[in-house]
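# Fold and geometry: a report
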Amino acid sequence: MAPWSHVSPHRAQICGTASSNSAKSRTSECLRASITPSATGVEAAGGRALLGVLSAGCARMTVNERATRALKEILQKPGNDTCADCGAPDPEWGSCSLGVFICLGCSGIHRNLPNVGKVKSVTLSRWEDSEVKFMAENGNKTMKAKYEAVVPVYYYKPSHKDCQVLREQWIRAKYERKEFTEEFVETGGKLPYEQEMREGQLMKRGRDNGQFLSRRFVLFERDGTLKYYTKHDSKVPKAVIKVDTINATFQPEKIGNPNGLQITYRKDYCTRNIFLYHESSKEIVDWFNSVRAVQFHYMKVAFPGASDAELKPRLTRNFLKEGYMEKTGPRQTEGFKKRWFTLDRRLLMYFKDPLDAFAKGEVYLGHRDLGYSAKAGLPAGTHCNGAWQHGITIETPDRNFLFTCESEAEQQDWLTHFNAVIATSMSPQEYSMEALFKRKH
Ligand SMILES: [Zn+2]
């Protein structure tokens, strides 16, 4: 075992093979240089003891405190204080092949990239002086300018809160395929997300039996639709979905597949969910960004005066919160039943099962000035016959909605989200949506 292995049990993984070999040969040289003059004539046993002492001394030197101190200083430079790939604060890892500082999660992804994956811990690994110099000369700001020079507006740049598949494909697109560099564009590179038509098989969960079956999906840029067909050769699509009504989110846990994608759209004033996956992470993320690309092009036409920054948040969005609560019916005398809730911006939907195709009901949360509020507790005298005790009352101009949560922490978390939504001012589209819900219910 290498004498410095106590530095980190995962050293081989952290430093990569090349670096550990060079470190090893350096230590051997160090040992030879130190031992040779004085070891001559030393008894064999004594020589072994001396070797032990020297190797311990060398191990301390290999920790290379000087390099760590220098790296910590480089980390103070603007841009190096957040992960170059996901924006997580205080990155503690560095890619010494790319010259960027990254978080622990992204370092794991980098390590698996065959050509660019030499990552080291700022505090635990041994750094060459040349590597430290390389980090100082480059760093996150410089390398972002190179590798993120031309990221399309519609491309979803994941944060540290996003799932593994999104972060991994972003890192691969950025450094392996170099899709967002000036060179890629100059050499005529074509992004897979920008095609007039995208066609392929995706695994789709059956609405009634819950089985995943292969279905043909076609995304058309020109008419802004996503269609799917139940039979490979069928001419008539099972569904034609307008992209401007689509919200796509990765839901690996709920769907039970690391590449699980949920597509939600509105049809006849109802929310409809479809659950998809593809065996290939790249394929499913390409589909996701292709949907966003079509949505973006559609919006550019629909809102010609709007800036890119205004349109970007109108593409797909993550749900604010999902989870179980219990609810009672409109008369509030029925029993409390456990339901799966999804808060999508102002829309609170509930489902019997998290993977249901249709919501059982929807509550639109307007601004507080219109008579909406959310508070802890249930009205006095509510017959609370459910299993859970932590109540929430949502008031709307039409009626009160009563919910219970399993724990106080869940109750507080839901309330925080409801109150944030209710306090946010409404857009003209949200006013018309709110009016529509009032008419409907
Ligand atoms: Zn990161």
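The rules behind the values
Position numbers for residues start from 1 in each chain and track the written sequence from start to end. Per-residue local features are limited, in this predicted model, to residues with pLDDT of at least 70; the limit for side-chain atom pairs, both in listing and counting, is 80 or more; totals at the level of whole chains, interfaces and linings are taken over all residues. By convention the nonpolar core is taken to be a set of buried residues drawn from Ala, Val, Leu, Ile, Met, Phe, Trp, Tyr and Cys and joined through C-beta atoms within 7 Å. Exposed residues have 12 or fewer other C-beta atoms within 10 Å of their own C-beta, buried residues have 20 or more, and residues in between are partly exposed; the C-beta atoms are placed from the backbone. In this description a helix means any DSSP run of H or I spanning at least four residues, a strand means any run of E spanning at least two, and both kinds are numbered starting from the N terminus. With C-beta atoms placed from the backbone, a contact is any residue pair whose C-beta atoms sit within 7 Å. The pairing criterion for strands is at least two bridges between them, as found by DSSP. In this description, a line fitted to the C-alpha atoms serves as the axis of each element, helices being fitted only across the stretch in contact, and the angle between N-to-C directions of two axes falls anywhere from 0 to 180 degrees. As a per-residue measure, pLDDT tells how confident the predictor is, with possible values from 0 to 100. Roughly parallel means an angle under 35 degrees; roughly antiparallel means over 145; roughly perpendicular covers 65 to 115; every other angle is labelled oblique. Note: crossing handedness is left-handed where the near helix turns anticlockwise from the far helix by less than a right angle, and right-handed where it turns clockwise. What the arc describes is the spread of directions from the helix axis to the C-beta atoms.

On to the nonpolar core, then. Core analysis: the largest hydrophobic core is formed by 51 residues, its most contacted members being Ile-102, Leu-261, Phe-288 and Val-291. When residues of this core are assigned to their parent elements, the largest contribution, 9 residues, is made by helix α11 (residues 281–302). Those residues in contact with Leu-261, other than ones at most four positions away along the chain, are Ala-248, Phe-250, Leu-276, Tyr-277, Ile-284 and Phe-288. Counting 23 residues, the second-largest nonpolar core is a separate cluster that includes Phe-341, Ala-359, Tyr-372 and Phe-403.

In this section: the sheet that holds strand β2 (residues 100–102). Taken in spatial order, the 3 strands of this open sheet run β2-β1-β3, and their pairing is antiparallel. Edge positions in the sheet fall to β2 and β3 (119–121), since each of these pairs with one other strand and no more. Averaged over all pairs of adjacent strands, the angle between strand axes in this sheet comes to 30°, irrespective of strand direction. Across 3 bridges, strand β1 (residues 93–95) lies against β2 in antiparallel orientation. Bridging across to β2, Ser-95 finds its partner in Val-100.

Looking at the chain, pLDDT values average 85 and 85% of them are 70 or higher. The least confident element of the chain, judged by mean pLDDT, is helix α1 (residues 11–15) at 34; the most confident is helix α13 (residues 408–423) at 98.

With phi around 50°, Lys-178 is a residue other than glycine that occupies positive phi space. Examined against the element boundaries, Lys-178 turns out to sit in the loop between α8 (164–176) and α9 (182–186). Although it is not a glycine, Arg-345 sits at a positive phi angle of roughly 50°.

Quick look at the packing of helix α5 (residues 104–111) against α8 now. Packing of α5 against α8 brings their axes to within 10 Å, and their N-to-C directions diverge by 55°. As summarised for this structure, α5 and α8 are arranged oblique, according to the angle between their axes. Between α5 and α8 lies a crossing whose hand is right-handed. Here Cys-106, Ile-109 and His-110 of α5 lie close against α8, whose contacting residues are Arg-167, Glu-168 and Ile-171.

What follows deals with the packing of α8 against α11. In a pair of packed helices, the angle between the axes and the distance between the axes together describe the arrangement. Two elements in contact, α8 and α11, have axes separated by 10 Å at closest approach and are oriented at 90°. Classed by the angle they form, the pair α8 and α11 counts as roughly perpendicular. Of the residues in α11, those in contact with Val-165, Leu-166, Glu-168 and Gln-169 of α8 are Ser-281, Lys-282, Ile-284 and Val-285.

Bringing the sheet that holds strand β15 (residues 373–376) into the picture now. A sheet is described by the order of its strands in space; here 7 strands give the open sequence β14-β13-β12-β11-β17-β16-β15, paired in antiparallel fashion. At either end of the open sheet lies a strand with only one pairing partner, and these are β14 (361–364) and β15. Between one strand and the next, the sheet's axes are offset by a mean angle of 35°, whatever the strand orientation. In this structure, strand β16 (residues 390–395) lies alongside strand β17 (residues 400–405), joined through 6 bridges in antiparallel fashion. The residue of β17 that forms the bridge with Thr-393 is Leu-402.

A word on helix α6 (residues 129–137). When we look at burial in α6, the residues that qualify are Glu-131, Val-132 and Met-135. Projection of α6 onto a plane perpendicular to its axis shows the buried side chains occupying an angular sector of 100°, all on one side. Looking at α6, the residues exposed on the side facing more than 90 degrees away from the buried face are Asp-129, Ser-130 and Glu-137. On the buried face of α6, the contacting elements are α4 (65–75), β1 and α7 (139–147). The first or second residue beyond α6 is Gly-139, which carries a positive phi of 85°.

Our next topic: the pairing of strand β6 (residues 225–229). Of the two faces of β6, the one lined by Leu-226 and Tyr-228 is fully buried and the one lined by Thr-225, Lys-227 and Tyr-229 carries no buried residue. Two elements, strand β5 (residues 212–220) and β6, share 5 bridges in a ladder whose sense is antiparallel. Counted as the bridge partner of Phe-217 is Tyr-228 from β6. The hairpin formed by β5 and β6 contains 4 residues between the paired strands, and Gly-224 there has a positive phi angle of roughly 60°. Where β6 and strand β7 (residues 239–242) come together, 4 bridges link them in antiparallel fashion. Within β7, the residue paired with Leu-226 across the bridge is Ile-241.

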